[in-house]
Amino acid sequence: MRRRPSVFGAVAIAWSTLAMIASGFLGLGWIGRITNPEHNDFSVFYAAGKLTAAGHLTPAYVSERLYHVEATLVAPHRPIALPFPYPPHAAALFGLLARLPIGSAYGLWTAVNLAAFLLACLLAIRTLGAGKPVLSGLACLGCLPMVVSTAQGESSGLLCLGVMLFLRGVRIGVKGSAPGAWDWPSLAAGVFLLSLKPPLLLVPILVLVARRRPSEMAGAAAGFLSALVTGLVAGGLSTYRQFAHVALASAHWTTQFHWGAQYNYSLLPQLHAALGYGAPATLIWLAAIACVAWLLLAGRLQGMGSNPLAVVALTALLANHFLFHDLAVIYPVAAVALAGRYGRQALTLLIAPWLDPGIYRFVHVHVVVLALLWMALAVALERPESELLPRRMDGQTRGGSGSWWRLFGLPRWGSASGSGTR
């Protein structure tokens, strides 16, 4: 592994320290928002949970019923009307929270998500082989999207933990793992948590299919089945029919609820900003998914499927509805990658969320999306290490290379027995 110049290390430490301090000040400034959970996104979760706790999970996906419950949580002059786009097993979990008063439920929800984020960071530092654990820890603590997620009452901490458990389950980037090793409890738990936001499962599913390991697929299936059974027990098949209707309609939410490209940080909304909301943007996005799927399945991007930061970058790029607080999922893995081969790309990913809102205001281009693309291309275009190693002399002579005279400058390989030993 190549060592980074000391200048890079100094810049990374300085930036991570400043980001940690700034995140702390912003968190303190947003305490007022945290103490009013009925006015943030948590109110949607709590309203769906109220319906579920009363034995009516299906109406959580009916706008009129859900909006009525949301309106009861706030003053009449401050109405809330937001949809519930999460799968039925998520509604079942919120049904347990809704048995508590909203303040207590939000306090518990916040504590669980913060603990999940910290656990994800610790798992990344310990299992991905962090060369500089102090630097990685500082970078994780400077996670602005997690501060925003906490203020909005979102689920980013659990999603971060889901990403790390998936990587740990299939041993992607895990140090000391033997070929073919896997951890089915971590994989099942990771798939269960990521299924709270189903678009985030797109790339992990492609990676599992590309690896073609029955044991890993069985572990992922266990996570899927546990989520499915939870949803069926809580609401039955009718709930899934309603959820499918909401999921299909969600493609138009960026215009209906004014969540346009400005607030979405993935490839499709960026295409929407450039091409509009017609078919061309959607076709290009689908073509990108098809291209990544074909390359993975054909084995052309083996490095992509075995690089944890590349998996996270592709997941963020291809998710069709990836909001600012979701960017927290890139932080644990990117923080560890600061001391690795892709340190510059990792630092760019960590810095981009801080700069993106201000830059987008003038150029209408998300630097986060550009950073994710740079990360993906850096891995995809890198030559495999096997191609960089000197080949045996007999293999070179059979290759019919036009520059045969270069052979005299290569290490000599071969043996009298023809075994190819040095």
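Below, the structure is looked at part by part. (Residues numbered from 1 in each chain as written. Predicted model: local features only at pLDDT ≥ 70, side-chain atom pairs only at ≥ 80, totals over all residues. Heavy atoms only, no water.)

Remarks on the pattern of salt bridges
Short version of the rule: Counted as salt bridges are all cases of a side-chain nitrogen of Lys or Arg within 4 Å of a carboxyl oxygen of Asp or Glu. Runs of E in the DSSP output that reach at least two residues are strands. Runs of H or I that reach at least four are helices, and both are numbered from the N terminus.
Under the defined criterion, the tally for this structure stands at 4 salt bridges. Here R168 and D183 are joined by a salt bridge, their closest N and O atoms 3.7 Å apart. Taken together, the residues R168 in helix 9 (residues 156–169) and D183 in the loop between helix 9 and helix 10 (184–194) connect sequence positions 15 residues apart. A single network of salt bridges, built from pairs that share partners, joins R211, R213 and E216.

A short note on the nonpolar core
Formally: For this analysis, a nonpolar core means a set of buried residues of the types Ala, Val, Leu, Ile, Met, Phe, Trp, Tyr and Cys, connected via side-chain atoms within 4.5 Å. To sort residues, take the accessible area from a 1.4 Å probe on protein chains only and compare it with the maximum for the residue type: under 20% means buried, over 50% means exposed, and anything in between is partly exposed.
If you look at the biggest cluster of nonpolar residues, it comprises 116 residues, and the most contacted ones within it are F42, F84 and L167. Counting residues per element, this core draws most heavily on helix 6 (residues 102–127), at 11 residues.

Notes on the packing of helix 15 (residues 267–275) against helix 16 (residues 279–297)
In plain terms, the rule: Simply put, an axis is a line fit to the C-alpha atoms, just over the touching stretch for a helix, and the angle between two N-to-C directions goes from 0 to 180 degrees. Crossings are assigned a handedness: left-handed for a near helix turned anticlockwise from the far helix by less than a right angle, right-handed for a clockwise turn. Whether two residues are in contact is decided by their heavy atoms: any pair within 4.5 Å suffices.
Contact geometry of helix 15 with helix 16 gives a least axis separation of 9 Å together with a crossing angle of 145 degrees. You can see that helix 15 and helix 16 cross each other, and the crossing is right-handed. Along its contact with helix 15, which presents L267, L268, L271, H272 and L275, the element helix 16 presents P280, A281, T282, I284, W285 and A288.

A closer look at unusual backbone geometry
With a phi close to 60 degrees, R171 is a non-glycine residue in the positive phi region. Along the chain, R171 turns up in the loop between helix 9 and helix 10. Positive phi, normally seen in glycine, also occurs at R212, with a value near 55 degrees. Tracing the backbone through its elements, the reader meets R212 in the loop between helix 11 (202–211) and helix 12 (214–235).

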